[in-house]
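The residues making up each chain are set out below.
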Amino acid sequence: MTDRREFRDLAPPEEVRDVLASLDVAPGIEWVPFGDARGRILAERIDAELDVPGFDRASMDGYAVRAEDTFGADEASPVTMPLVGTVHAGEEPAVEVEPGTIVEISTGAVLPPGADAVVMVERTTEVEDGIEVRTAVAPGDHVMPAGADIAAGARALGPGTRITPREMGLLSALGVDEVPVRGRPTVGIISTGEELVRPGEPLDSAAGQIYDVNSYTLAAAVEEAGGEAVLYPHVGDDFEAMERLLHEAADECDLVLSSGSTSASAVDVIYRVVEERGELLLHGVAVKPGKPTLVGTVGDSAYVGLPGYPISALTIFREFVAPVVRDAAGQADPATATVTGTMAVTERYSEGRYRLLPVGLVKDGDGDLLVYPVDKGSGATTSLVDADGTVAVPPETDYLGAGETVDVSLFSPDVRPPTLLGVGEDDPTLSELLDDVDRPRYLPVGTVDGLRRLEDGTPDLAVTAGPVDPPQDAVELGGWEREWGLVVADADAVDGLAALVDGSARFVNRGTGSGLRRSLDAALDALAEERGVDRGDLTAAISGYGLTTNAHESPARKVLAGQADAGLGLQSTAEKLGLGFVSLGTQRVGVYAAPERVEKPGVSALERSIDSLEP
């Protein structure tokens, strides 16, 4: 009758974690060449040894000038200055910018003496007398001063930083050639069992042989956790061969993993090797799968014996061993988190496919978590910015009903619901007011859609502009006036709505749901009534009436770029961009809150900011 090693006193998971945590598998600091540092964890702080950049440089192609020489220059009144030289990137300037002169400069080139600004080439024209400048610049415009990126002596990167392509860029800018990193723990992997055959070798299935799966599965898992896997030759259930291989791996690695030969069978010998040449700390864990697991030491190395079945081996590794490897390598734990909330609105489906629905989170007036869909289509990257996580929708689901409980897989455990969720019209004054609110989220969906969503009960508040009919129970938090009209390149060419209709100016409009568009259409209705025609006749005469944009500055920026002669916009936008403006009236911007959300801290903070506006 053969002896059998029985599993006694199976260790609970907490004890397994404690024992593994007590084992030292950290390899210490390693200095690696700069080119090999990507993906590693910084072990020591790195300070900047020089200014980056080390000189004042041009941030775009153009002309180096003294800013005061351009004051007053614009499209209508350009300033012409003689060209006295050129400076290319990578060369020391051989010319000085004297008062009233101009020097051609390339992106990244050293700013020549005397210059304090750069005029972008797009706002200049080469003429017979030199260079015509059609815009004014201020000192420092389009110039990156020395040390603007990082100054000598500054803390560049701290210990524990993962070196990604961004950090590689900073290290290269600092001229670092060797990097101190956390050593990657070396993990020796030994698969045991007489039945195992390495992939690529002949397999005798009749003799019960199987391919070695665990060696490669575990090696991939070790690399994923931040370790460096070392594969050792396959070994059978021979005591002397096992002893030899185990000691070889222990001498060369920080941690040794074996799979198989950990059961109570008398033919399995590995536990005896560990007992005779090291220390067996645990034999058997109270986990399914994974009961026949060993934990101990061999020499100075930690040792874990995993079950032979691949699923069991990988499960135990991920649950217990991977955290030890990650900690030794300085790697963070995988960032995963799930929260439960209720659907704010009904979301229907028709494709019959498994779906990961991007969703946002908001708390209602009682502090309960609401979940709302954020789905702008597969091509919209802003869905990821506006969403907090995803809800997995099985293919057989026809719809998620309002009030239905759902689990949200967060993009990061750090995700928290915004203190304020607003929707509606976009407005520059609103943007400034939101700066006074901690962690707000605002979705500029336009006045019409904003009011619809407020009625649906999803957001805390809606911002409207122009003629509106807010919900009867909505609470107005306040508002302000804004002047709207046509942002133009030449106010003489387009001096009003009639000129836009009767002329050939190229026009850029806003979407139908925006308050600006509603006010424009109301003005066109009035003009049509005055002329005794249909509004459609007027809109058909406007070149570009159907060309719409989503943001309040977009039409003006097309005018600025020369792609249009006029755009629907605000006076503040025209002033900001240095464009002409033809006023068509004023609009009331109103902020309306759901009555049960008025007391939320974020809503209260915004209301205080509105109250602080000058009348």
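Please read all numbers here as calculations on a predicted model, not as lab measurements.

1. Focus: the pairing of strand 32 (residues 475–488)
Logical step 1: By the criterion of burial, strand 32 is predominantly enclosed, with 10 of the 14 residues buried.
Logical step 2: Two strands pair when backbone bridges link them, and strand 32 and strand 36 (residues 580–593) are joined in this way by 13 bridges, in the antiparallel orientation. The partner of Val 488 across the bridge, within strand 36, is Gly 580.
Logical step 3: Pairing analysis gives 5 bridges linking strand 32 to strand 35 (residues 566–570), with the strands arranged antiparallel. Looking across to strand 35, one finds that Val 487 is bridged to Gly 567.

2. Describing the pairing of strand 28 (residues 405–410)
Logical step 1: Because side chains alternate across strand 28, one face comprises the buried residues Val 406, Val 408 and Leu 410, and the other comprises Thr 405, Asp 407 and Ser 409, none of which is buried.
Logical step 2: Judged from the 5 bridges that link them, strand 22 (residues 338–343) and strand 28 form a sheet pairing that is antiparallel. Bridge assignment links Thr 342 to a residue of strand 28, and that residue is Thr 405.
Logical step 3: One ladder, built from 2 bridges, connects strand 26 (residues 389–393) with strand 28; its direction is antiparallel. Its bridge partner lying in strand 28, Gly 389 is registered against Leu 410.

3. Focus on the packing of helix 4 (residues 239–252) against helix 5 (residues 270–277)
Logical step 1: As a packed pair, helix 4 and helix 5 sit with axes 10 Å apart at the nearest point and diverge in direction by 55°. What the angle tells us is that helix 4 and helix 5 run oblique. The chirality of how helix 4 crosses helix 5 is right-handed. Judged by residue contacts, Phe 239, Met 242, Glu 243, Leu 246 and His 247 of helix 4 engage Ile 270, Arg 272, Val 273, Val 274, Glu 276 and Arg 277 from helix 5.
Logical step 2: Within the contact of helix 4 with helix 5, the residues separate by chemical class into 6 nonpolar, 1 polar and 4 charged.

4. Overview of the side chain of Asp 427
Logical step 1: Within the secondary structure, Asp 427 is located in the loop between strand 29 (420–424) and helix 8 (428–434).
Logical step 2: Exposure remark for Asp 427: the relative accessible area of 2% places this residue in the buried category.
Logical step 3: At 3.1 Å, the side chain of Asp 427 forms a polar contact with the side chain of Trp 480.
Logical step 4: If sequence neighbours within four positions are ignored, Asp 427 has contacts with Trp 480, Arg 482, His 552, Leu 570 and Val 589.

5. Describing the pattern of salt bridges
Logical step 1: Inspection of the entire model under this criterion finds 27 salt bridges.
Logical step 2: A salt bridge links Glu 75 to Arg 123; the shortest N-O distance between them is 3.1 Å. Remark: Arg 123 occurs in the loop between strand 8 (117–120) and strand 9 (124–127) and Glu 75 occurs in the loop between strand 4 (62–65) and strand 5 (79–81); sequence separation between them is 48 residues.
Logical step 3: For Arg 123, a relative accessible area of 22% gives the class partly exposed.
Logical step 4: Here Lys 600 ties to Asp 460 by a salt bridge, and the two come within 3.2 Å at their closest N and O atoms. Here Lys 600 is found in the loop between strand 36 and helix 15 (601–611), whereas its partner Asp 460 is found in the loop between helix 9 (447–456) and strand 31 (461–465), with 140 residues between them in sequence.
Logical step 5: Accessibility expressed as a relative area gives 10% for Lys 600, which makes it buried.
Logical step 6: Each of Asp 449, Arg 452, Arg 453 and Asp 456 takes part in a single network of salt bridges with overlapping partners.

The rules behind each value
The numbers attached to residues start from 1 for each chain and follow its sequence in the written order. In view of the model being predicted, local features appear only for residues whose pLDDT reaches at least 70, and side-chain atom pairs are presented and counted only at 80 or more, with totals across whole chains, interfaces and linings using the full set of residues. Hydrogens are left out, water is left out, and the side-chain values use all remaining heavy atoms of the structure. Burial classification: accessible surface area is computed with a 1.4 Å probe over protein chains only, and a residue below 20% of its type maximum counts as buried, one above 50% as exposed, and the rest as partly exposed. Only DSSP runs of H or I reaching four residues or more are called helices, and only runs of E reaching two or more are called strands; each is numbered from the N terminus. The pairing criterion for strands is at least two bridges between them, as found by DSSP. Lines fitted to C-alpha atoms define the axes here, with helix axes fitted over just the stretch in contact, and angles between the N-to-C directions of these axes take values from 0 to 180 degrees. Each angle receives one of four descriptions, namely roughly parallel if under 35 degrees, roughly antiparallel if over 145, roughly perpendicular if within 65 to 115, and oblique otherwise. Two helices that cross are described as forming a left-handed crossing if the nearer one is turned anticlockwise from the farther one by less than a right angle, and a right-handed crossing if clockwise. Whether two residues touch is decided by their heavy atoms; if any such pair falls within 4.5 Å, the residues are in contact. Amino acid classes used here: Ala, Val, Leu, Ile, Met, Phe, Trp, Tyr, Cys and Pro are nonpolar; Asp, Glu, Lys and Arg are charged; the rest, including Gly, are polar. Think of a polar contact as two N or O atoms within 3.5 Å of one another; within protein, one of them needs to be a possible hydrogen donor and the other a possible acceptor, and neighboring residues in sequence only count if both atoms come from side chains. A side-chain nitrogen of Lys or Arg and a carboxyl oxygen of Asp or Glu constitute a salt bridge if their distance falls within 4 Å.

Any link to function would need more than the numbers given here.
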